[in-house]
Amino acid sequence: MSSLYVNESGAVISVEGGYFCVTKRDGLVHKLPKELLESITIFGNSKITTPCMQECLRRGISVNYFSGKGAYYGKISSTRHVNGERLKAQVYACDDPVFREDVVII
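Small disclaimer: the values here were computed from a predicted structure and weren't measured.

Chemist: Help me understand the nonpolar core in this model?
Modeler: Across soluble globular proteins, nonpolar side chains show a tendency to be buried alongside one another. Among the nonpolar cores identified, the biggest contains 15 residues, and Leu4, Ile13, Ile40, Ile48, Cys56 and Val63 are the most heavily contacted of them. At the level of elements, β1 (2–6), β3 (19–23), β5 (37–43) and α1 (50–59) are the ones that each hand at least two residues to this core. Each residue touching valine 63, except ones within four places of it in the same chain, is listed here: Ile40, Ile42, Ile48, Met53, Cys56, Gly74, Lys75 and Ile76.

Following this line, the structure appears as structure tokens:
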């Protein structure tokens, strides 16, 4: 799996067919196959289109935002790949004193 880092101000990240595309201000386009991408990290004032963001959320691709100097702003990630029933069972299990005694923390 690959990570995409975009640090050119004014770049636009979009999706076309089977590719994520980064269009730079000078018009140069870089393409990455959708299947290879695991995360996108954006530094500075680059943009991501709404269809691209939707595709990232569908595929479980996280999008990280940083300032142009590297200060962390935040992360957008999908909850679609989270197993809600398993998570609920884990939370309820923590309330069970017998379960808590049997859990070994390393």
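Chemist: How should I be thinking about the sheet that holds strand β6 (residues 47–48) in this particular structure?
Modeler: Sheet strands pair by backbone hydrogen bonding; their relative direction is either parallel or antiparallel. Taken together, the four strands give an open sheet; going across it, the order is β4-β3-β2-β6, and neighbouring strands pair in mixed fashion. Two strands close off the open sheet at either side, each with one partner strand: β4 (29–33) and β6. Where β3 and β4 come together, five bridges link them in antiparallel fashion. Of the residues in β4, the one forming a bridge with phenylalanine 20 is leucine 32.

Chemist: Can you help me understand the sheet that holds strand β8 (residues 72–76) in this one?
Modeler: The four strands lie next to each other as β1-β5-β7-β8, forming an open sheet whose pairing is mixed. Both edges of this open sheet fall to β1 and β8, since each of them pairs with a single strand only. On average, each strand axis in the sheet is inclined to that of its neighbour by 15°, with strand direction left out of account. One ladder, built from five bridges, connects β5 with strand β7 (residues 62–66); its direction is parallel. Paired with serine 39 across the two strands is serine 62, which belongs to β7. Packing of α1 onto the sheet brings it into contact with β5, β7 and β8, and relative to β7 it is tilted by some 125°.

Chemist: I'm lost on the pairing of β7 in this one. Help?
Modeler: Successive side chains on a regular strand alternate, one facing one side of the sheet and the next facing the other. When you tally the buried positions in β7, you get four out of five residues, the bulk of the element. Note: β7 against β8, four bridges, orientation antiparallel. The residue bridging phenylalanine 66 from the neighbouring strand is tyrosine 72, located in β8. Linking β7 to β8, which pair antiparallel, is a turn of five residues; within it glycine 70 sits at a positive phi near 100°.

What counts as what
- Residues numbered from 1 in each chain as written.
- Predicted model: local features only at pLDDT ≥ 70, side-chain atom pairs only at ≥ 80, totals over all residues.
- Heavy atoms only, no water.
- Core = buried A, V, L, I, M, F, W, Y, C linked by side-chain atoms within 4.5 Å.
- Buried < 20%, exposed > 50% of the residue type's maximum accessible area, 1.4 Å probe, protein only.
- Helix = DSSP H or I, 4+ residues; strand = E, 2+ residues; numbered from the N terminus.
- Contact = heavy atoms within 4.5 Å.
- Pairing = 2+ DSSP bridges.
- Axes fitted to C-alpha atoms, helices over the stretch in contact; angles between N-to-C directions.

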